[in-house]
Amino acid sequence: MADEIEYEALPPNAGLGVNMLAGALAGITEHAVMFPVDSIKTRMQVFAASPAGVYTGVGNAFTRISATEGARALWRGVSSVIMGAGPAHAVHFGMYEAVKELAGGNEAGSHLLATSLAGASATIASDALMNPFDVIKQRMQVHKSEFRSALTCAKVVYRTEGLSAFYISYPTTLTMTVPFTAVQFTVYEELKKVLNPSGVYSPGTHMLAGGLAGGVAAGVTTPLDVAKTILQTRGSSADPEIRAVRGMRDAFRIIWARDGIKGFARGLTPRVMTFMPSNALCWLSYEFFKAAIRD
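Notes on the structure follow. (Residues numbered from 1 in each chain as written. Predicted model: local features only at pLDDT ≥ 70, side-chain atom pairs only at ≥ 80, totals over all residues. Heavy atoms only, no water.)

### Overview of the overall build of the protein chain
Logical step 1: Within the protein chain, the secondary structure is distributed over 12 helices and 0 strands.
Logical step 2: Shown N-terminal to C-terminal, the secondary structure of the protein chain runs as helices and strands in the order α-α-α-α-α-α-α-α-α-α-α-α.
Logical step 3: For the protein chain, the proportion of contacts with a sequence separation of at least 24, taken over those separated by at least 6, is 77%. (Helix = DSSP H or I, 4+ residues; strand = E, 2+ residues; numbered from the N terminus. Contact = heavy atoms within 4.5 Å.)

Next up, the structure:
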C-alpha cells in the first residue's frame, strides 16, 4: 500500500521527550491491564500464616479471592502503580533510547552489547524511582491488607519503618531487573529483526516479539522476584523471622528452609502470564505512541 508507514525507517532516535512520553503511556497501559494477575502472583509468593492466604494456582487464587473478598480486592494497589509507572517508564525508555544511540545500537547490524547495556542502564534509573511505589503496591496486595489508600500506606510504612523500608528491596530489585531488562530488550530487538526484516510497521511483530521476550525474562528471574516480595512485604507479616529479614541472602535462606528448591518458583505461572501479554502490550503501545507522537 502506498500510504503504509515505513515504521522502522523513521529516525531511530526520535528525541528524548518523545521516547519518555511514549514510555510513560506504555507503562501505565501495561500495568493497569495485567494488575489482577500481578496481585495473585504477589499473594502466591508470600509465606502466609493462615491457610486462607495459601493458593494452589492462579485459578484457585482468583476464585477464592473473588468469593471471599470480592473482585475489587484484585485491583487493590493499582493506584500506586499508576502513579509510579508513568514517570518510571518515561525514565526507562528515555534512558534506553539515549544509551542505545550512544552505544551504536541504532546502526545497521546486530548489536547485542549495545541493547543489553541500554536495557541495564534504563532499569537502574527507572527502578530507583519505581521501588517505593512497588513496595506500597505489594503491601496493599497481600491477604488481609489493612491498607485501602496508597497515600495512607506510604504514611504508615514511613512512620513505622522509616524511609529504608521503601528501598530495602532495591539491591534485590536491581539484581533481578538488570538481567531481566537486558534479556528482554535483547530478545525483543533480535526477534524484531528476524520477524520483520523489511522494517515495515507491523503491530503483530511488536506484540509477538515483546510477549516472547517478556516471558523468557520473567521465567529466568522468578527466584529473585520471590525474594523481592518477601523483602517488600516483611512489615505486613506476623512472622518474626520474616519481619527480621535484612536483605536478599536472608530472603533466600527463608525460601530454601521452608519450601526447598520449589520455593524459588513461587508465582512463576502468574508472573509469566503477567509479563507475556503485558510486555506485548507495552511494546505495542510504546512503538505506536512513539510513531504517533513524532508524526
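### Side note on the packing of aromatic side chains
Geometrically, a pair of aromatic rings is defined through the distance of the ring centres and the angle of the planes.
Logical step 1: A complete count under the given rule lists 7 aromatic pairs for this structure.
Logical step 2: Summarising the aromatic geometry, the rings of tyrosine 167 and tyrosine 170 are spaced 6.0 Å apart at their centres and angled 85° between planes, so their arrangement reads as edge-to-face.
Logical step 3: With a centroid separation of 3.7 Å and 15° between ring planes, the pair formed by tyrosine 188 and tryptophan 283 is classed as stacked. With tyrosine 188 in helix 7 (residues 170-195) and tryptophan 283 in helix 12 (residues 268-294), this residue pair connects regions lying 95 residues apart in the sequence. Pair check on accessibility: tyrosine 188 and tryptophan 283 agree, each one buried.
Logical step 4: Lying across the ring of phenylalanine 47, arginine 266 places its NZ or CZ 3.9 Å from the centre. (Phe/Tyr/Trp six-rings, centres within 6.5 Å; stacked < 30°, edge-to-face > 60°. Buried < 20%, exposed > 50% of the residue type's maximum accessible area, 1.4 Å probe, protein only. Lys NZ or Arg CZ within 6 Å of the ring centre and 35° of its normal.)

### Points about the pattern of salt bridges
Logical step 1: The tally for this structure, following the rule as stated, stands at 18 salt bridges.
Logical step 2: Its salt-bridge partner being aspartate 38, residue lysine 137 comes within 2.7 Å of it at the nearest N-O pair. With lysine 137 in helix 5 (residues 112-141) and aspartate 38 in helix 2 (residues 35-45), this pair connects stretches of sequence that are 99 residues apart.
Logical step 3: Among the charged side chains, a network of salt bridges with common partners joins Asp38, Lys41, Asp134, Lys137, Asp225, Lys228 and Arg271. (Salt bridge = Lys/Arg side-chain N within 4 Å of Asp/Glu carboxyl O.)

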